[in-house]
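Results of the structural survey
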Amino acid sequence: MNSLGRTTLLLMIPLNLLLIAWVWIGRIVFGVGGWFFLVFLISVVPVLLLAFLVTTILAYTQHGRPRSLTRNQAVAQVVTWLALFVAGAFMPDFGDTDDSHISLLTQLFGRSNGALDVSYTIVLAAGAVAVVAYVVLLVALVAGRRTQQAADTPESAGRLR
């Protein structure tokens, strides 16, 4: 049994939910709050909930006891989590006033240093990494399921004869 795979599987539900909340409202921890609170509630949160629901169901319904993710699946899941954590922390937000367009970096370094542009770059990179890692996880989970079904087929065919 792969301890990373087992630990990652056991953490999937709580960390998936925690990171969805983090991407949604995590910026508030750093004093960054604005309209993305509502925008993300109706756009990003449902997409993340559905995406994580799919991979969690696939992971928990894999064959084998005790259940565990493969090393590739676990690494893809951890990279997805890390990318979402970074995106949630550095996501700029906006409001109704001119000076309300802020992010974690503008809170730390001010606007004059181009911190807002750097924030957008970090979020876009983290978002791209999260999407790629999620697709790798999804493909690995589906491929693992197909491999197991292919392995089960010859045994089943042999018993039927």
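Below you will find a few notes about this structure. (Residues numbered from 1 in each chain as written. Predicted model: local features only at pLDDT ≥ 70, side-chain atom pairs only at ≥ 80, totals over all residues. Heavy atoms only, no water.)

Quick notes on the overall build of the protein
Convention followed: We count a stretch as a helix when DSSP gives it H or I for four or more residues in a row; a strand needs E for two or more, and each element gets its number in order from the N terminus. The rule is simple: take the accessible area with a 1.4 Å probe, protein chains only, and divide by the maximum for that residue type; under 20% is buried, over 50% is exposed, in between is partly exposed.
A count of helices and strands for the protein gives six helices and zero strands. In the protein, the succession of helices and strands from N to C terminus is α-α-α-α-α-α. Across the 161 residues of the protein, 35% fall into the buried class.

Some details on the pattern of salt bridges
To keep things clear, this is the line we draw: Each reported salt bridge corresponds to a side-chain nitrogen of Lys or Arg within 4 Å of a carboxyl oxygen of Asp or Glu.
As enumerated under the stated definition, the model contains one salt bridge in all. A salt bridge links Asp-93 to Arg-27, with the nearest nitrogen and oxygen atoms 3.2 Å apart. Of this pair, Asp-93 sits in the loop between helix 4 (71-90) and helix 5 (104-109) while Arg-27 sits in the loop between helix 1 (3-25) and helix 2 (36-42), and the two are 66 residues apart along the sequence. Grouping residues by exposure puts Asp-93 and Arg-27 together as buried.

Regarding helix 3 (residues 44-60)
What counts is decided by this rule: Helix span, expected: 1.5 Å multiplied by one less than the number of residues in the helix.
Between its first and last C-alpha atoms helix 3 spans 24 Å; for 17 residues at 1.5 Å apiece the expected length is 24 Å, and the two agree. Buried within helix 3 are the following residues: Val-45, Leu-48, Phe-52, Thr-55, Thr-56, Leu-58 and Ala-59.

Focus on the packing of helix 1 against helix 4
To be explicit about the condition: Fitted lines through C-alpha atoms give the axes, limited to the stretch in contact for helices. The angle between two N-to-C directions lies from 0 to 180 degrees. Just so you know how the angles are binned, under 35 degrees is roughly parallel, over 145 roughly antiparallel, 65 to 115 roughly perpendicular, and the rest oblique. Crossing chirality is assigned from the near helix's rotation relative to the far helix, an anticlockwise turn below a right angle marking it left-handed and a clockwise turn marking it right-handed. We call two residues in contact when some of their heavy atoms are within 4.5 Å.
Look at helix 1 against helix 4: their axes get within 10 Å of each other, and the N-to-C directions meet at 20°. For the element pair helix 1 / helix 4, the angle class is roughly parallel. Crossing geometry of helix 1 relative to helix 4 is assigned as left-handed. Between helix 1 and helix 4, the contacting residues are Leu-4, Gly-5, Thr-8, Leu-11, Met-12, Leu-15, Asn-16, Leu-19, Trp-22 and Val-23 on the first element and Arg-71, Ala-74, Val-75, Gln-77, Val-78, Trp-81, Leu-84, Phe-85, Gly-88 and Ala-89 on the second.

Structural notes on the nonpolar core
So the rule is basically this: Here, nonpolar core refers to any group of buried Ala, Val, Leu, Ile, Met, Phe, Trp, Tyr and Cys residues whose side-chain atoms link them within 4.5 Å.
Ranked by size, the top nonpolar core spans 29 residues in total, and within it Met-12, Ala-59, Leu-69, Leu-84, Phe-90 and Leu-141 carry the most contacts. Put simply, the parts of the chain that give this core at least two residues each are helix 1, helix 2, helix 3, helix 4, helix 5 and helix 6 (115-160). Residues in contact with Ala-59, not counting those within four places in the same chain, are Leu-9, Met-12, Leu-69 and Leu-141.

Let's talk about a nonpolar patch on the surface
Note the following rule: In this scheme, patches are assembled from residues that exceed 30% relative accessible area and form no salt bridge. Like charges are connected within 9 Å, while nonpolar side chains (Val, Leu, Ile, Met, Phe, Trp, Tyr) are connected within 5 Å. Computed by Shrake-Rupley with a 1.4 Å probe, the accessible areas treat only the displayed protein chains as cover when residues are assessed.
A cluster of nonpolar residues, Ile-25, Ile-28, Trp-35, Phe-37, Leu-38, Val-39, Leu-41 and Ile-42, forms a patch on the protein surface that exposes about 700 Å² of accessible area. Considering each element in turn, the nonpolar patch owes the most residues, five residues, to helix 2. As for its position among the elements, Val-39 is in helix 2.

A short note on the packing of aromatic side chains
Quick note on the threshold: Only the six-membered ring of Trp is used, alongside the rings of Phe and Tyr, when aromatic pairs are assigned; centres must lie within 6.5 Å, and planes under 30 degrees apart are stacked while those over 60 apart are edge-to-face, with the rest tilted.
In this structure the tally under the stated criterion is four aromatic pairs. Ring plane angle 25° and centroid distance 4.8 Å describe the contact between Phe-36 and Phe-40, whose orientation is recorded as stacked. With Phe-36 and Phe-40 both in helix 2 and four residues apart, the pair spans about one turn of that helix. Feature note: the residues Phe-36, Phe-40 and Phe-94 constitute an aromatic cluster, connected by ring pairs.

By themselves these figures say nothing about function.
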